[in-house]
Amino acid sequence: MSKEIRFDYAKALPFFSEAELDSMEAQILCAKEVLLSKKGAGADFLGWIDLPVDYDKDEFARIKEAAAKIRKDSEVLIVIGIGGSYLGARCAIEYTHGAFYNQAEKPEIYFCGNSISAAYLSDLLDLVGERDFSVNIISKSGTTTEPGIAFRIFKEKLIAKYGEAEAVKRIYATTDKAKGALKNETDDKGYAAFVVPDDVGGRFSVLTAVGLLPIAVSGVDIDALMEGARAMRKKALDAPYKENDALLYAAIRNLLHRKGKAVEILVNYEPTMHHLSEWWKQLFGESEGKDGKGIYPASVDFTTDLHSMGQFIQDGSRILFETVLHVEESRRSLVIPKDEKDLDGLGYLAGQTVEFVNEQAMTGTVLAHTDGGAPNLMLHIPAQDAYSLGQIFYFFEFACGVSGYLLGVNPFDQPGVESYKKNMFALLGKPGYEELSEALRKRL
Ligand code: PA5
């Protein structure tokens, strides 16, 4: 069986024609050219395009060494970061190891600094307890409030447990190579330092140390991850339009958008893909949602959410289309047992595998939603492993860059994220925000 993921739009053809798709070719190739020639807006942040072939090999080796050390001396790894600084790693660990990594493997890996919840942080401090632990603080800017607070708290715990000198050896800082608050502290204290390259934005950084260090700590094969990304990069760069999955996906989502589909729902049938959707939502949401434009990225976990959101998707406002992540070979297989009394009426499924039932649920849902007016795109994934995930990461990143230029936005900035921060700083009394603070308080 081929190891390559495949994009498939056959079930969406009732909603557009091949001729319409053909007519998108010139625009798509133009957007691709803007991306690759680095002539578009945000061109300073295109380092991710070549990452699968052009990455720092020495740092890659240091990531593996640091991961081995953490696996040896820590029962728990605390990964501190928000947005692009944690979603890729969280997704990869869940995607490859399954839902119960922390119950089944060592070291346990927990993510924090992605909210400002006292309860969450306190619970996590208790959970770590007296066990040996290390911290990977990830922040490109080094000044983001959420990870900054979490880092202070876990640094204090490290120092209390190990003393300053040993604590330093248990802090791994992934940040800018030359500047920023975290970089200054890292140099000052002597933490192990890993780099977020200047030309790679947070949501495109999963294949840098940002994602790779925590992923490697979990034991995932990061060489296979990069190999998958490399294979998809080759296809995205070289394949002609009608054989180029990333370009076709970018074209069709825009085609559907122009026909009034304002919402794209990423659908999975494996609970362990929940954070892949979270990563994807940030990628497309931050990249495209600006200047009053964009396709709203949403997600559901099926069949779970068929019992909550299924009604709306089948029958509500016809503003949405779905992109289905279809795993062809389940990570595990399980047979449904026989039950002599058959009180639940499921006897007709006895002897079948659970994954077969899941597959039929997916096929039935795709057809039902298509009949209900929700176009369904499919991404076929041969197996849930590091190689396919590398392909998926690159597939969506490349499609996102092309799609953003097609929409006419800068896909590589996120000016809107600053608005809440300014208000929060003003309300918290941060020096320099006095005027805004006064203006806001008048509105309360
Ligand atoms: O995509 C982005 O740039 C953001 O989501 C950032 O990753 C996020 O805000 C965290 O920023 P930083 O790594 O500077 O703490």
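Please refer to the structure higher up on the page.
Residues numbered from 1 in each chain as written. Predicted model: local features only at pLDDT ≥ 70, side-chain atom pairs only at ≥ 80, totals over all residues. Heavy atoms only, no water.

**Quick notes on the packing of aromatic side chains**
What counts is decided by this rule: In this analysis, rings of Phe, Tyr and Trp, with Trp reduced to its six-membered ring, are considered paired at centre separations within 6.5 Å, and the interplanar angle assigns stacked below 30 degrees, edge-to-face beyond 60, and tilted for intermediate values. Note on conventions: DSSP H or I runs of at least 4 residues are helices, E runs of at least 2 residues are strands, and numbering of each starts at the N terminus. The cut-offs for exposure are 20% and 50% of the maximum accessible area for each residue type, with area from a 1.4 Å probe on protein chains only; residues under the lower value are buried, those over the upper are exposed, and the others partly exposed.
Counted under the stated rule, the structure contains 25 aromatic pairs. Arranged with centres 6.2 Å apart and planes meeting at 85 degrees, the rings of Phe-151 and Tyr-191 form a pair that is edge-to-face. Of this pair, Phe-151 sits in helix 7 (residues 145–162) while Tyr-191 sits in the loop between helix 9 (181–189) and strand 6 (192–195), and the two are 40 residues apart along the sequence. Since its relative accessible area comes to 5%, Phe-151 is described here as buried. Residue Tyr-191 is classed as buried on the basis of its relative accessible area, which comes to 6%. The interplanar angle of 20 degrees and the centroid separation of 6.1 Å between the aromatic rings of Tyr-394 and Phe-398 together place this pair among those described as stacked.

**With respect to the environment of Glu-355**
Applied cut-off: Contacts: residue pairs with any heavy atoms within 4.5 Å of one another. Side-chain atoms alone can form a polar contact between residues adjacent in sequence; in general such a contact is a pair of N or O atoms within 3.5 Å, and within protein one must be able to donate a hydrogen while the other accepts it.
Following the sequence through the fold, Glu-355 ends up in helix 15 (residues 354–371). For Glu-355, a relative accessible area of 24% gives the class partly exposed. As a C-alpha pair, Glu-355 and Ser-333 span 22 residues in sequence and 6.7 Å in three-dimensional space. Those residues within four positions of Glu-355 in sequence are excluded, and the remaining contacts are Ser-330, Arg-332, Ser-333 and Leu-334. A polar side-chain atom of Glu-355 sits 3.3 Å from the main-chain amide nitrogen of Leu-334.

**Thoughts on the pattern of salt bridges**
We count it as follows: When a carboxyl oxygen of Asp or Glu is within 4 Å of a side-chain nitrogen of Lys or Arg, the pair counts as a salt bridge.
Taken as a whole and assessed by the stated rule, the structure comprises 26 salt bridges. A salt bridge links Lys-169 to Glu-166; its shortest N-O distance comes to 3.9 Å. Of the two residues, Lys-169 and Glu-166 are both situated in helix 8 (residues 164–169); the distance of 3 residues between them amounts to about one turn of the helix. Of the charged contacts in the structure, one is a salt bridge between Asp-187 and Lys-183, with a shortest N-O distance of 3.0 Å. Remark: Lys-183 and Asp-187 occur in helix 9; sequence separation between them is 4 residues, near one turn of the helix. Judged by relative accessible area, which is 13%, Lys-183 ranks as buried. What emerges from the salt-bridge pattern is a single network uniting Lys-69, Asp-73, Glu-166, Lys-169 and Arg-170.

Honestly, it's all geometry; don't read function into it.
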